[in-house]
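Okay, here's what each chain looks like letter by letter:
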Amino acid sequence: MGVLAICQGLLLINNTVLVTVNGLAGFALAPDKALATLPVSLYFVGSALTTIPLSFMMKRYGRRAGFTLGAVFAVIGSLICAAALYAASFWLLCAGVLVLGGYFAAGQYYRFAAADTAPADFKATAISLVLAGGIVGGFVGPETSKRTMELVPGHFYAGAYLSLVGFALLSALVLRWLRIPALGHAQRVSAGRPLAVIARQPAFIVAVLCGMIAYGVMNLLMTTTPLAMIACEHPFSDAAFVIQWHVVGMFAPSFVTGTLIKRFGLATIMLAGVALNVACVMIALAGVEVMHFWLAMLLLGVGWNFMFIGATSLLTETHTPAERAKVQGMNDAAIFVTMVASSFSSGALFSLQGWEAMNRWALPVLAVAGAAILWLVWARRRQSPAA
């Protein structure tokens, strides 16, 4: 579990640097400023395209092989992005982040790898403790972006992308110590139940839906926060500070989220996550000072943590080991498609309607998540007497 937590931290360093830099680099190079967040969107397109193949690769060859391939994607993608800044090519930057998406897709399976060998009553805690490693990214990532964005004279942001090569190589090295038993031959060749049968379970529906909404709302608001802060004439250092604390909010609660789930139940913690996201929107609508951005993004991070860990734990209840490749792959593909839509639309929404409108759009979506969780509670209570 320690190896996975370290890898999670390195993954989040990569992500926070990209969150801080991608939109700004895209804005600097884009021929049309409405396309500024296209590189962010293509990062998730790359993740969506690779997540299912990576899941089935891990089923056949093991988790370590898939995670190592993800690190290779990170090295190649980072070098392409750095070359794009040298060539002042927006479309080469888009190609680089597309490749980098494969690293994010592979890294998303760290949480499932933690659950692979954990007892049923410890799965939520195992998932949350691995995700807690991401808190490292909350501090190191923004600092890395600030210290490296001007590292290459005459090529703004190129140094930030080059720094990611070192972190990816370190991840590949740490993975040499990963020990997760491979699936048996019977589990590798078995397809299990059809996905259509698994998908009819209320727990599956709510897990996937809440995972999509947690990441979609978080990504919609987080992606444009640096742009909104620059538009409000806040310096880049303040934007990096806000993203830093957003990432802390995403991962610091992981030290206790699993315990909270065991004590209060999945539904309660997931509903608390929805409420925190609503509070984020209310604060964002209240003003545009640095403190408003900071507190809103901090609450957004904690809300994401509760919803996402809850949804991940819920998903592990819906499949057998032989079925996990297709179930986990489909779940993450749905999440990445949502992230593509939210990140791509964020640029247009911000350019055409502004920061306040973007926050208002999040409220009805969060209401859907809350209603789904309450429906699951009702469905389980209805089944209990019958059982």
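Residues numbered from 1 in each chain as written. Predicted model: local features only at pLDDT ≥ 70, side-chain atom pairs only at ≥ 80, totals over all residues. Heavy atoms only, no water.

### Thoughts on the environment of L131
So, step 1. Relative to the helices and strands, L131 is located in helix α6 (residues 123-132).
So, step 2. Between the C-alpha atom of L131 and that of V337, which follows or precedes it by 206 residues, the distance is 21 Å.
So, step 3. Excluding its chain neighbours within four sequence positions, the residues that come into contact with L131 are Q8, R111, F251, S254, F308 and I309. (Helix = DSSP H or I, 4+ residues; strand = E, 2+ residues; numbered from the N terminus. Contact = heavy atoms within 4.5 Å.)

### As for the pattern of salt bridges
So, step 1. Scanning all chains against the criterion turns up six salt bridges.
So, step 2. The salt bridge involving R63 is made with D116; its shortest N-O contact spans 2.9 Å. Of this pair, R63 sits in helix α3 (residues 63-87) while D116 sits in helix α5 (residues 110-116), and the two are 53 residues apart along the sequence.
So, step 3. Among the residues examined, R63 registers a relative accessible area of 5% and is labelled buried.
So, step 4. Take D116: its relative accessible area is 22%, and that puts it in the partly exposed class.
So, step 5. R380 is the partner of E317 in a salt bridge, and the nearest nitrogen-oxygen pair spans 2.9 Å. With a gap of 63 residues between them, E317 in the loop between α15 (290-315) and α16 (324-352) and R380 in helix α17 (residues 355-386) connect regions that are remote in the sequence.
So, step 6. Salt bridges linked by common partners bring R63, D116 and R324 together as one network. (Salt bridge = Lys/Arg side-chain N within 4 Å of Asp/Glu carboxyl O. Buried < 20%, exposed > 50% of the residue type's maximum accessible area, 1.4 Å probe, protein only.)

### Let's talk about empty space enclosed by the protein
To find leftover empty space, a probe the size of one water molecule is rolled over the atoms.
So, step 1. The tally for this structure, following the rule as stated, stands at four cavities of 30 Å³ or more.
So, step 2. Taken as a whole, the largest cavity holds about 220 Å³ of empty space.
So, step 3. Along its surface, the largest cavity is lined by 25 residues, and L12, N15, F104, Y215 and M250 are the ones closest to its centre.
So, step 4. Those elements giving two or more residues to the lining of the largest cavity turn out to be α1 (2-29), α2 (38-61), α4 (90-107), α11 (202-231), α12 (236-251) and α15.
So, step 5. The element best represented in the lining of the largest cavity is α1, accounting for seven residues.
So, step 6. Among the residues making up the lining of the largest cavity, the classes are represented as 17 nonpolar, seven polar and one charged. (1 Å grid on protein atoms, 1.4 Å probe; cavity = no way out; pocket = protein on both sides within 12 Å on 5 of 7 lines; lining within 4 Å. Points joined across faces, edges and corners; volume = space filled by probe spheres on them. Nonpolar A, V, L, I, M, F, W, Y, C, P; charged D, E, K, R; others polar.)

### Regarding the confidence of the model for the protein
Do not read the fine detail of predicted coordinates wherever pLDDT is low.
So, step 1. Residue-level pLDDT values for the protein average 88, and 99% of them are 70 or greater.
So, step 2. When pLDDT is averaged over each helix and strand of the protein, the minimum, 73, is found for helix α9 (residues 185-189) and the maximum, 96, for helix α14 (residues 266-286). (pLDDT = per-residue confidence, 0-100.)

### Here we look at the packing of aromatic side chains
The description of an aromatic ring pair uses the distance of the two centres, along with the angle that the planes make with each other.
So, step 1. Enumeration according to the criterion identifies 14 aromatic pairs in this entry.
So, step 2. Judged by centre distance (4.9 Å) and plane angle (75°), the rings of F90 and W91 are edge-to-face.
So, step 3. Consider the rings of W245 and W294, whose centres lie 6.4 Å apart with planes at 75°: the pair is edge-to-face. Here W245 is found in helix α12, whereas its partner W294 is found in helix α15, with 49 residues between them in sequence.
So, step 4. Taking relative accessible area as the criterion, W245 reaches 29% and is therefore assigned partly exposed.
So, step 5. Linked through ring pairs, Y43, F44, F104, Y215, F251, W304, F308 and F336 together constitute an aromatic cluster. (Phe/Tyr/Trp six-rings, centres within 6.5 Å; stacked < 30°, edge-to-face > 60°.)

### Some details on the side chain of N14
So, step 1. Topologically, N14 is positioned in helix α1.
So, step 2. Separated by 3.3 Å, the side chains of N14 and N15 make a polar contact.
So, step 3. Those residues in contact with N14 that lie beyond four places of it in its chain are Y43, L100, Y103 and L164. (Polar contact = N/O pair within 3.5 Å; in protein donor to acceptor, adjacent residues only side chain to side chain.)

### Details of the packing of α1 against α6
So, step 1. Between α1 and α6, the shortest axis-to-axis distance is 7 Å and the interhelical angle comes to 45°. The angle between α1 and α6 falls in the class oblique. Packed against α1, whose contacting residues are L4, A5 and Q8, the element α6 presents L129, V130 and L131 at the interface.
So, step 2. By residue class, the composition of the contact of α1 with α6 is five nonpolar, one polar and no charged. (Axes fitted to C-alpha atoms, helices over the stretch in contact; angles between N-to-C directions. Parallel < 35°, antiparallel > 145°, perpendicular 65-115°, else oblique.)

### Description of the environment of Y110
So, step 1. Among the structural elements, Y110 can be located in helix α5.
So, step 2. Residue Y110 is classed as buried on the basis of its relative accessible area, which comes to 0%.
So, step 3. C-alpha separation for the pair Y110 and Q8, spaced 102 residues apart in sequence, amounts to 7.0 Å.
So, step 4. Setting aside its immediate chain neighbours within four residues, Y110 contacts L4, C7, Q8, L11, F67, Y103, V130 and S171.

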